Amino acid sequence: MDAKSVVRSRTGRLIAAVVLVVTGAVPLVVSGAASAATALTVAQALAAQDGRTATVTGYVIGQPTSASTVLTSGFTADTAFAIADHAGETSTGRMLYVQVTAAWRTTFGLLSNPSLRGRQVTATGALTAYFSHGGLKNPTTLSLGGGTTPSASPSPAPSASPTPAPGGTAAPGTYYAAAAGKTGPALRTALHGIIKVQTKLSYDQVWDALRDTDQDPANPANVILLYSGRSQSKTSNGGGANDWNREHVWAKSHGDFGTATGPGTDVHHLRPEDVSVNSLRGNKDFDAGGGTVAEAPGCYTDADSFEPRDAVKGDVARMILYMAIRYEGDDGWPDLEPNDSVANGGAPRLGRLPKLLAWHAQDPPDAFEQRRNQRIHERWQGNRNPFVDHPEWAGAIWG
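Owing to the predicted nature of the structure, the values given are computational and were not obtained by experimental measurement.

A. Inspection of the nonpolar core at higher detail. Judged by nonpolar contacts, the single largest core of 40 residues is most densely connected at Leu191, Tyr227, Val249, Phe286, Val316, Phe387 and Trp398. Only α3 (184–195), α6 (313–326), α7 (353–362) and α10 (392–398) provide two or more residues apiece to this core. With 9 residues, α6 is the single largest residue contributor to this core. In this view, Val316 contacts Leu226, Tyr227, Val249, Phe286, Pro308 and Leu356; residues no more than four positions away in its chain are not counted. Residues Val42, Val56, Ala103 and Ala123 belong to the second largest nonpolar core, which totals 23 residues.

B. Examining the sheet that holds strand β8 (residues 219–224) more closely. Across the sheet, 3 strands lie side by side as β7-β8-β9; this open sheet has antiparallel pairing. A single partner strand is all that each edge strand has here, and the edge strands are β7 (215–216) and β9 (231–233). Both β8 and β9 contribute to a ladder of 3 bridges, which runs antiparallel. Looking across to β9, one finds that Ile224 is bridged to Ser231.

C. Spatial organisation of the pattern of salt bridges. By the definition in use, this model includes 20 salt bridges. Arg281 is the partner of Glu247 in a salt bridge, and the nearest nitrogen-oxygen pair spans 3.0 Å. Taken together, the positions of Glu247 in strand β10 (residues 244–248) and Arg281 in helix α5 (residues 275–281) put the pair 34 residues apart, joining distant regions of the chain. Of the two residues, Glu247 and Arg281, both sit in the buried class. A single salt-bridge network, built from bridges that share partners, covers Asp212, Arg371, Arg375, Glu378 and Arg379.

D. Local environment of α3. The terminal C-alpha atoms of α3, which comprises 12 residues, lie 17 Å apart, in line with the 16 Å expected from a rise of 1.5 Å per residue. Within α3, burial applies to Gly184, Leu187, Arg188, Ala190, Leu191, His192, Ile194 and Ile195.

E. How the structure looks around the packing of α6 against α7. Look at α6 against α7: their axes get within 7 Å of each other, and the N-to-C directions meet at 125°. Here α7 runs oblique to α6, going by the angle between their axes. Judged by the sense of rotation from one axis to the other, the crossing of α6 with α7 is left-handed. Along the contact surface, α6 presents Lys313, Gly314, Val316, Ala317, Arg318, Ile320 and Leu321, while α7 presents Leu353, Leu356, Leu357, Trp359, His360 and Gln362. A per-class count over the contact of α6 with α7 returns 8 nonpolar, 3 polar and 2 charged.

F. Fine view of the pairing of strand β3 (residues 80–84). For β3, the tally of buried residues reaches 5 of 5 residues, placing the bulk of the element in the interior. Relative to β3, strand β1 (residues 53–66) runs antiparallel, the two sharing 3 bridges. Bridging across to β3, Gly62 finds its partner in Ala82. Sheet topology note: the β3/strand β4 (residues 95–99) ladder contains 5 bridges and is antiparallel. Among the inter-strand pairings, Ala80 is bridged to a residue of β4, identified as Gln99.

Parameters and conventions
- Residues numbered from 1 in each chain as written.
- Predicted model: local features only at pLDDT ≥ 70, side-chain atom pairs only at ≥ 80, totals over all residues.
- Heavy atoms only, no water.
- Core = buried A, V, L, I, M, F, W, Y, C linked by side-chain atoms within 4.5 Å.
- Buried < 20%, exposed > 50% of the residue type's maximum accessible area, 1.4 Å probe, protein only.
- Helix = DSSP H or I, 4+ residues; strand = E, 2+ residues; numbered from the N terminus.
- Contact = heavy atoms within 4.5 Å.
- Pairing = 2+ DSSP bridges.
- Salt bridge = Lys/Arg side-chain N within 4 Å of Asp/Glu carboxyl O.
- Expected span 1.5 Å × (residues − 1).
- Axes fitted to C-alpha atoms, helices over the stretch in contact; angles between N-to-C directions.
- Parallel < 35°, antiparallel > 145°, perpendicular 65-115°, else oblique.
- Left-handed = near helix turned anticlockwise from the far one by under 90°.
- Nonpolar A, V, L, I, M, F, W, Y, C, P; charged D, E, K, R; others polar.

Everything listed is a geometric property; what it means functionally is a separate question.
Structure (structure tokens):
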């Protein structure tokens with residue numbers, strides 16, 4: 001430190017700021033009311049997880065993917081980074097997980113900027129859990145070092161709830177900017193490029209994700225089961241009779257991806273469901289008709305197809321359409337595609353597309369589905385289902 005100036009009033013109270021000049025460094029600038037001089041350490045931020053707004057300075061360690069896992073190479077998304085008080089920290093218990101919302105990903109996402117690892121950053125946001133771990137969410141400022149603003153200044157961060165967009169239910173900030181004005185194959189390509197940037201969950205993490213994404217609006221201790229519609233305790237999951245388990249709406253045998261990290265753990269198509277109803281649906285394609293399903297009123301099934309209840313027909317359709325756009329065969333997983341068949345077997349195909357498109361139109365996104373999409377985006381995977389936000393895009397692609 002080369003200089004320090006203090007100005008006092010007649011009463012002796014401190015009224016002026018401390019001016020710091022660091023030899024060889026870029027002058028430090030922090031936007032907002034908080035300054036680098038008042039920034040918390042990571043340890044202090046971890047001890048103050050009460051929702052308050054605060055500024056924290058630390059060193060970027062890597063990309064958090066769970067409460068106990070932080071990637072230090074091979075980054076998979078631009079949605080979060082972990083910081084610590086020491087650049088060589090290895091314990092996740094001494095790291096703060098910082099959410100990187102859409103407005104900041106170009107300059108602070110680790111997938112796009114892997115060289116950020118090891119650098120000091122300053123973040124201002126809400127001190128609250130992220131990935132079920134001490135975190136800082138919805139940042140209002142992010143800066144390098146003690147506060148150097150990046151040359152590419154981001155636009156204001158979007159609010160937690162997406163704002164309505166013309167022609168669609170919602171569009172969070174500039175998330176879909178690359179798809180604007182496109183249709184047909186060009187739209188499909190643009191959407192794939194957008195939504196493939198995601199945090200990938202383990203199969204065990206899916207349990208916690210579903211307890212959050214499918215929470216009963218009337219009872220936060222419960223989840224809503226997809227096909228049966230039953231509200232059931234979040235803790236009654238497992239393999240026993242009347243437990244709930246993880247239903248793969250795009251049946252995992254249709255492409256043979258199992259439960260490995262990737263399409264097998266993508267929460268956009270995983271839903272809680274009664275064990276026996278899940279088993280009854282099995283890997284059947286979707287179509288109308290059949291006999292009634294005793295434990296799932298409004299659902300029907302026969303030897304080769306399953307029909308969900310009316311209230312979630314559109315939800316099922318949009319999950320299938322999401323999977324078709326997200327998994328195009330360019331990342332080691334099969335190229336998934338809906339078709340007009342109920343005899344797809346183990347092929348990476350799922351039917352029937354005409355019926356799914358009809359269900360999509362019949363049952364538009366509701367508040368439950370929109371909340372689910374938002375929670376997956378902001379808390380779990382960092383990506384969205386475009387057909388929940390823009391229902392019209394289904395017709396623009398599959399017409």
